[in-house]
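Each chain, letter by letter, is given below.
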Amino acid sequence: MQEIQDPSNAVSDAWVRLIRAEKAVVGRIEAELKSAGFPPLSWYGVLLHLKRRPDGCSSPKEIEQTLLFEQYNLSRHLDRMEAEGLVRRIPFPGDKRRQLVEITAEGRALQKRMWGVYGPAINRFIGDPLTEAEAAQLAALLLKLMQPRDDLP
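Keep in mind that this is a model prediction, so the values were computed, not measured.

Draft legend 1. Region of the structure containing the packing of helix H2 (residues 41–52) against helix H4 (residues 71–83). Relative orientation of the contacting elements H2 and H4 amounts to 80°, with a least axis distance of 11 Å. In terms of their interaxial angle, H2 and H4 are classed as roughly perpendicular. Side by side, H2 and H4 meet where Ser42, Trp43, Val46 and Leu47 of the first sit next to Leu74, His77, Leu78, Arg80 and Met81 of the second. Of the residues assigned to the contact of H2 with H4, the class counts are six nonpolar, two polar and one charged.

Draft legend 2. Region of the structure containing the packing of aromatic side chains. Counted under the stated rule, the structure contains three aromatic pairs. Between tryptophan 115 and tyrosine 118 the ring centres are 5.5 Å apart and the planes differ by 85°, which places this aromatic pair in the edge-to-face class. Here the residue tryptophan 115 and the residue tyrosine 118 both occupy positions in helix H5 (residues 105–127), the gap between them amounting to three residues, near one helical turn. Taking the relative accessible area as the measure of exposure, tyrosine 118 reaches 17% and is therefore buried. Among the aromatic side chains, those forming a connected cluster through ring pairs are Tyr44, Trp115 and Tyr118. Over the ring of phenylalanine 92 we find arginine 98, and its NZ or CZ is 3.8 Å from the ring centre.

Draft legend 3. Quick peek at the pairing of strand S3 (residues 95–103). Pairing analysis gives two bridges linking strand S1 (residues 57–58) to S3, with the strands arranged antiparallel. Bridging from a neighbouring strand, cysteine 57 pairs with glutamate 102 of S3. Note that strand S2 (residues 87–92) and S3 share six bridges and pair antiparallel. Bridge assignment links arginine 88 to a residue of S3, and that residue is glutamate 102.

Cut-offs and rules
- Throughout this description, residue numbers start from 1 for each chain and increase along the sequence as written.
- Local features in this predicted model are restricted to residues of pLDDT 70 or higher, and side-chain atom pairs are both shown and tallied only at a pLDDT of 80 or more, whereas totals for entire chains, interfaces and linings draw on every residue.
- To obtain the side-chain values, all non-hydrogen atoms of the structure were included, while hydrogens and water were left out.
- For helices, the fitted line uses only the C-alpha atoms of the stretch in contact; every axis is such a line through C-alpha atoms, and the angle between N-to-C directions lies from 0 to 180 degrees.
- Only DSSP runs of H or I with at least four residues qualify as helices, and only runs of E with at least two residues qualify as strands; both kinds are numbered from the N terminus onward.
- When an angle is under 35 degrees it counts as roughly parallel; over 145 it counts as roughly antiparallel; between 65 and 115 it counts as roughly perpendicular; any other value is oblique.
- Contact between two residues is taken to exist if any of their heavy atoms lie within 4.5 Å; hydrogens are not considered.
- Put simply, Ala, Val, Leu, Ile, Met, Phe, Trp, Tyr, Cys and Pro go in the nonpolar bin, Asp, Glu, Lys and Arg in the charged bin, and everything else, Gly too, in the polar bin.
- Note on ring pairs: Phe, Tyr and Trp rings are taken, using the six-membered ring of Trp, and paired if centres are within 6.5 Å. Classes follow the plane angle, with under 30 degrees stacked, over 60 edge-to-face and the rest tilted.
- Exposure is judged per residue with a 1.4 Å probe applied to protein chains only, and the accessible area is read against the type maximum: over 50% gives exposed, under 20% gives buried, and values in between give partly exposed.
- Any Lys NZ or Arg CZ found within 6 Å of a ring centre and within 35 degrees of that ring's normal is scored as a charge over the ring.
- Strand pairing is assigned whenever DSSP detects at least two bridges linking the two strands.

Put into structure tokens, the structure is as follows:
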């Protein structure tokens, strides 16, 4: 049986700072979007996902997996977004029990307007404090953490 080893101080510090940095940056961006009168950042993610699809449609399951939503949370988001006219649910071809989510013209327009606040906020909270080389290094390190590991269950 393999002995369980505690993480080093450096690894623990990296973990804590990763979580705190994510919360701080996302919180600041959310605050900027809110002060500009926009909905939550999660709505932007859904709209961008749909906009990037060739037909502007996706199954709720694909949205859930791509954006890492919990199913119950996604359903509430989609209900609100549909009520605002940003998306619509349409029947899945050949399967009446399933549905697709489709972006509307209003959803496309909102995503574009939100980017006008979101893009500059990314620059302000990530681009300004980091050099291009540091940003590239951070992106590479984060990608390394995202890679699947063969030794994990």
